[in-house]
Amino acid sequence: MSVKLNALVSDSYVDVSQYRDQHFKGNRYDQEKLLKQSHTLYVGNLSFYSTEDQVHEIFSKSGDVKRIVIGLDKVKKTACGFCFVEYYTRTGAENAMRFINGTRLDDRIIRTDWDAGFKEGRQYGRGKSGGQVRDEYRQDYDPARGGYVVCDFHTCSWSTCCSPTYSVIAFIISMDRFCIHS
Amino acid sequence: MSRRRHSDSENEGSQPHKRRRTSEPIEIEDRLESLICRVGEKSTSSLESNLEGLAGVLEADLPNYKNKILRILCSVARLLPEKLTVYTTLVGLLNARNYNFGGEFVEAMIRQLKETLKNNLYNEAVYLVRFLSDLVNCHVIAAPSMVAMFENFISVTQEEDVPQVRSDWFVYMVLSCLPWVGKELYEKKDAEMDRLFSQIEGYLKGRVKAHAPMLQVWTAEKPHPQEEYLDCLWAQIQKLKKDRWQERHILRPYIAFDSVLCEALQHNLPPFTPPGHMPDAQYPMPRVVFRMFDYTDAPEGPVMPGSHSVERFVIEENLHCIIQTHWKERKTCAAQLLSYPGKNKIPLNYHIVEVIFGELFQLPTPPHIDVMYTTLLIELCKLQPGSLPQVLAQATEMLYMRLDTMNTSCIDRLINWFSHHLSNFQFRWSWDDWSDCLTVDPEKPKPKFVKEVLEKSMRLSYHQRMVDIVPATFAALIPAEPNFIYKYEDESASSLPGYPASITVGNAIKNRATNEEILAILKEVPNPNQEDDDDEGESFNPLKIDVFLQTLLHLAAKSFSHSFSALGKFHEILKALTERDEGKLHILKVVYEVWRNHPQMIAVLVDKMIRTQIVDCAAVANWLFSQDMAHEFTRLFVWEILHSTIRKMNKHVQKIQQELEEAKDKLEKQQHKRQKDSGDEEDMDKNSEDEEGQLEEQIERLQEKVESAQSEQKNLFLVIFQRFIMLLTEHLVRCETGSVEISTPWYKNCIERLQQVFLMHHVTIQQYMGTLENLLFTAELDPHILAVYQQFCALQL
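Quantities reported herein were computed from a predicted structural model and do not represent experimental measurements.

## A closer look at the overall build of chain A
Then, in step 1: When helices and strands are counted, chain A shows five helices and eight strands.
Then, in step 2: Considering chain A as a whole, with its 182 residues, one finds that 52% of them fall into the buried category.
Then, in step 3: For chain A, the proportion of contacts with a sequence separation of at least 24, taken over those separated by at least 6, is 62%.
Then, in step 4: Just so you have it, chain A exposes about 9,200 Å², and 55% of that area is on carbon and sulfur atoms.

In structure tokens form, the structure reads like this:
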């Protein structure tokens, strides 16, 4: 009789982003399939001080939350600014993508993205210093995420990083450069 | 050869893309769809010239793509009602160029109308009929045949023994077309239209409106009466008629094409008999029109059309339709709302805010999920930072001022909206403006509202933030710090009977003792309820539960995850302790005692305990209504827990019903297959017989499960309603014997909470109406309480 108008069924907030977990065990096809059926969201740009309570409160607005896993610094085992939120239903997760993604928690704009599913080990930051990779390269001062990035150029270990002037690659190559601390 | 290899390697990784060869027709169809859906958008040329151009393109494509074009136009008629007149103009132009196409389109629309009515899609049916009626203005449909269709619709009011909502809906459909086509129909067929009008008037006079009080956001008539929707629309149409159908708001592109269109030949609508009433029909529920603004609220700029002006109706309709179309995409939705055609002649921001709050506060439930409205308003503030936030602040202020007469369910939603909104704007608010709430009884709506807002705001931030954002005078309304309260905290508790055991249990848990070891420790806990030793009898020992749970939850108090982990690890023990109903009730009592400063934690723990079957839904209901919780009875968290519990029960029943349906389907398929294949091989027959036997057993088991679940569900509602009746009756009797005013803040809260249970779960409750009426809501009940039940029944009369 009538058609479903493609122009009208646009639901772009629910679309999968470009990011793919490089540590995902399985092929791309499996990953896509899991993302499209997932009930789990990755949540980023959290303050290090955001609690499970706060995350639960805000994400419950789009559906019943089954589980929250707060992301931890691999070394310090403290919150490092991300988490996973798993819903009982796909709809709960979709509504979070539509209405909670891009709004504020603890005064910060948080970002949600589809996740293929929590597995033990994925709650840890993958940055060299234990936190998230993005905090390795951050150049601004963010008090809610550890302040400045600091680098020890002797051991080349980074607790966050780096000089405002040089790119990371250039720094690795030329290790005699000195990094500006704060 | 090489192409095949290429596509093989493609399938391994990324999504397969369309093959070039077969995509062309699809591309053209997509293009047609896009052209039609987006006509007039983002164009430097006028709408009229865009329509003219598009009509030319479509006319040229008719030979090859007629069916596709027909289907797209039918879809936009149904799904884009806010652009009604744009598309009727387009159809008018096509009809002028190709009479046959016009005829086929009308036929397709009638078929679609029949389909939507068959499928209970009543809102869409209204849009289709409105589209058809506007086609009269475009010289596609002859006015007399439209009048005839309206007469058939109104004849439904003569039917006997049908629900009022059925005839309501047909009357609504006809009246809601008149802003668009009233003038034309009156000019051509005034006698018939007058007759129609008096029929409608007679019907409306006889309508029962018992449902209206239950759906009103405010109980007060001032400053804006909350009118029943048909009453309001009738007043608006009557005023339009008195103004000789002069209506200047609706955008009518067809006027520019009048010379072309009046040359076109018109079609007659086929006689359309409304389908008869079916028992499973789900007509739209009656509504109450939400009004919070009038022209005095927007003193500068264009004047706001009056509440009985047809302009007001059309604007609100269109804004609702825009939200309905774009709610999933907040940026688009906000942009579409703000680019409403004719926005320069109306105070658009006020209309938008009113429509959004109207939906958010709609009873029984908003059309869309609550959080959508919060995010939409934030988006609107972003797009109009110089004007919309001020209107929103003004609205918030007005809503605060009228809290005393606002429905409790609506206050809940206001609390959730306001706290979430504030958390996106650094909690900036002129709290001092609300210092009047500090001098009244703290149980009154205004101080209660502020208290609950601060509590919700704290959940999205932290305690000290609340202290920082409000003036010092508001200190009494700030929530307590959400800390655990441990009975056996220190030496000062050493005189308590459970103290020694709490130390032992605590150490046992810390040293990873087994469940058996811990149970053995608990066995030694003295039972304050009995004198003699009773090793065998597992009589209820509240102290056991108290000691174990207080200690466990204290050790796990750090976070939700810690507490969930604790509940999971000691599930066996908890199940043993709560085998009996008294145990279940007591465990809830202890959870409350330790976490009474952190209602959010109570809610998530209760949720977990239901899901892991440590307590059941009826136990939660009994606990919330118990004397121990009486002092918290008016707090929001209590009701959030109750409704969450009811929802879990409902979902549980639905899940098992679904499993049963799936098993039945499977059996049917299996039997079907066996009939087709029978006689092929004896072995196969036997195997499928076995399978069928297993399925039949499974179905029987599931059937029992469904019955048991439904029985539990019915019992839950009975418990809840019974408790309400007891509490309310007690209050009413006490007031009457003491000659005291019954309408205290507590009473208002309680009676509206009863209403809320009916409204929020009306679909489920409908199933148990018979039992409710026979057992609980009998004629002997106090009329105040019975009235709630009767209003609820009136919703689907």
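## Section: the interface of chain A and chain B
Then, in step 1: Each partner contributes to the interface: chain A provides 40 residues, whereas chain B provides 49 residues.
Then, in step 2: Summed over both partners, the interface of chain A with chain B comes to about 4,000 Å²; 50% of that surface belongs to carbon and sulfur atoms.
Then, in step 3: Remark: the boundary between chain A and chain B carries four salt bridges.
Then, in step 4: For R611(B), the salt bridge is made with D64(A), and the minimal N-O distance between the two is 3.5 Å.
Then, in step 5: Seen at the junction of chain A and chain B, the total is 16 residue pairs in polar contact (both at pLDDT 80 or more).
Then, in step 6: Elements represented by at least two residues in the side of chain A that touches chain B include exactly α1 (28–37), α2 (52–59), β2 (65–72), α3 (90–99) and β4 (104–105) of chain A.
Then, in step 7: Broken down by element, the residue count for the side of chain A that touches chain B peaks at six residues, all from α2(A).
Then, in step 8: Across the side of chain A that touches chain B, the residue classes tally to 14 nonpolar, eleven polar and 15 charged.

## Topic: a negative patch on the surface
Then, in step 1: Taken together, the side chains of E696(B), E697(B), E700(B), E704(B) and E707(B) present a region of like negative charge at the surface.
Then, in step 2: Take E700(B): its relative accessible area is 54%, and that puts it in the exposed class.

## Let's talk about the side chain of H420(B)
Then, in step 1: Inspection of the secondary structure assignment puts H420(B) in helix α18 (residues 408–423).
Then, in step 2: Of the residues examined, H420(B) reaches a relative accessible area of 2% and is grouped as buried.
Then, in step 3: Excluding anything up to four places from it in sequence, H420(B) contacts I58(A), K61(A), V371(B), T374(B) and L460(B).

## Overview of the environment of R647(B)
All names here are of chain B.
Then, in step 1: As for its placement among the helices and strands, R647 is situated in helix α29 (residues 636–677).
Then, in step 2: Sequence-wise, R647 and Q282 are 365 residues apart; in three dimensions their C-alpha atoms are separated by 22 Å.
Then, in step 3: Not counting residues up to four positions away in its chain, the partners in contact with R647 are M760 and H761.

## Things to note about the pattern of salt bridges
Then, in step 1: Per the stated rule, a full pass over the model turns up 56 salt bridges over all chains.
Then, in step 2: Linking R122(A) and D115(A) is a salt bridge whose minimum nitrogen-to-oxygen distance equals 2.8 Å. No difference in accessibility class separates R122(A) from D115(A), as the two residues are buried.
Then, in step 3: Note that R635(B) and E455(B) form a salt bridge whose closest N and O atoms lie 2.8 Å from each other. With R635(B) in the loop between α28 (617–624) and α29 and E455(B) in helix α19 (residues 445–459), this residue pair connects regions lying 180 residues apart in the sequence. This pair shows no difference in class: R635(B) is buried, exactly as E455(B) is.
Then, in step 4: The network of salt bridges with shared partners includes E57(A), E455(B), R459(B), E632(B) and R635(B).

## Looking at the pairing of strand β3 (residues 79–87) of chain A
Residue and element names in this part refer to chain A.
Then, in step 1: With eight of nine residues buried, β3 is to be regarded as a mostly interior element.
Then, in step 2: Judged from the four bridges that link them, strand β1 (residues 40–44) and β3 form a sheet pairing that is antiparallel. Along β3, the bridge assignment pairs L41 with V85.
Then, in step 3: For β2 and β3, the ladder comprises six bridges, and the chain directions are antiparallel. Across the sheet, V69 pairs through a bridge with F84, a residue of β3.
Then, in step 4: The loop that links β2 with its antiparallel partner β3 comprises six residues; one of these, K77, has a positive phi angle of about 60°.

## Things to note about helix α34 (residues 783–793) of chain B
Then, in step 1: Taken together, the buried positions of α34(B) are I785(B), L786(B), V788(B), Y789(B), Q791(B) and F792(B).
Then, in step 2: The N-cap residue of α34(B) is D782(B): its side-chain oxygen and the backbone nitrogen of H784(B) are 2.8 Å apart.

## Things to note about the UniProt feature "domain: MIF4G" (unreviewed entry) in chain B
Then, in step 1: With numbering aligned to this structure, UniProt lists the feature "domain: MIF4G" (unreviewed entry) at residues 29–241 of chain B.
Then, in step 2: When the span residues 29–241 of chain B is considered, its composition is 76% helix and 0% strand, and the gap between its end C-alpha atoms is 43 Å.

## Comments concerning the packing of helix α8 (residues 164–188) of chain B against helix α13 (residues 310–326) of chain B
All names here are of chain B.
Then, in step 1: Contact geometry for α8 and α13: axes closest at 10 Å, N-to-C directions at 105°. The pairing of α8 with α13 is recorded here as roughly perpendicular in orientation. On α13, the residues touching Y172, S176, P179 and W180 of α8 are V310, F313, V314 and E317.
Then, in step 2: Residue composition of the contact of α8 with α13, grouped by class: six nonpolar, one polar and one charged.

## Concerning the sheet that holds β1(A)
Residues and elements named next belong to chain A.
Then, in step 1: The four strands are arranged β2-β3-β1-β6 in an open sheet whose pairing can be described as antiparallel. Looking at which strands have only one partner, the edges of the open sheet turn out to be β2 and β6 (111–115). Put simply, the sheet's adjacent strands are angled 25° from each other on average, direction ignored.

## Some points on the packing of aromatic side chains
Residue and element names in this part refer to chain B.
Then, in step 1: On inspection of all chains with the given rule, the structure shows 51 aromatic pairs over all chains.
Then, in step 2: With a centroid separation of 5.6 Å and an interplanar angle of 50°, the aromatic rings of Y172 and Y229 are classed as tilted. Of this pair, Y172 sits in helix α8 while Y229 sits in helix α11 (residues 229–242), placing them 57 residues apart in sequence. Comparing Y172 with Y229 shows no difference in burial state: the two are buried.
Then, in step 3: On the numbers, 6.1 Å between centres and 50° between planes, the contact of F484 with Y486 is tilted.

## Looking at unusual backbone geometry
Then, in step 1: Of note, the bond from K222(B) into P223(B) is cis; its omega dihedral lies within 30 degrees of zero at -10°.
Then, in step 2: Here P223(B) shows up in the loop between α10 (212–215) and α11.
Then, in step 3: In this model, L363(B) is joined to P364(B) through a cis peptide bond whose omega is 0°.
Then, in step 4: In this structure, P364(B) sits in the loop between α15 (348–360) and α16 (370–383).
Then, in step 5: Backbone geometry at D106(A) places phi at a positive 55°, although glycine is not the residue there.
Then, in step 6: Tracing the sequence through the fold places D106(A) in the loop between β4 and β5 (108–109).

Analysis parameters
Residues numbered from 1 in each chain as written. Chains lettered and ligands numbered in written order. Predicted model: local features only at pLDDT ≥ 70, side-chain atom pairs only at ≥ 80, totals over all residues. Heavy atoms only, no water. Helix = DSSP H or I, 4+ residues; strand = E, 2+ residues; numbered from the N terminus. Buried < 20%, exposed > 50% of the residue type's maximum accessible area, 1.4 Å probe, protein only. Contact = heavy atoms within 4.5 Å. Areas by Shrake-Rupley, 256 points an atom, 1.4 Å probe, with all protein chains shown as cover. Buried area = accessible area lost by both parts, 1.4 Å probe. Salt bridge = Lys/Arg side-chain N within 4 Å of Asp/Glu carboxyl O. Polar contact = N/O pair within 3.5 Å; in protein donor to acceptor, adjacent residues only side chain to side chain. Nonpolar A, V, L, I, M, F, W, Y, C, P; charged D, E, K, R; others polar. Patch = residues over 30% accessible without salt bridge, like charges linked within 9 Å, V, L, I, M, F, W, Y side chains within 5 Å. Lys, Arg positive; Asp, Glu negative; His and termini not counted. Charge placed at Lys NZ, Arg CZ, Asp CG, Glu CD. Pairing = 2+ DSSP bridges. UniProt positions renumbered as here; feature names shortened; annotations may be inferred. Axes fitted to C-alpha atoms, helices over the stretch in contact; angles between N-to-C directions. Parallel < 35°, antiparallel > 145°, perpendicular 65-115°, else oblique. Phe/Tyr/Trp six-rings, centres within 6.5 Å; stacked < 30°, edge-to-face > 60°.

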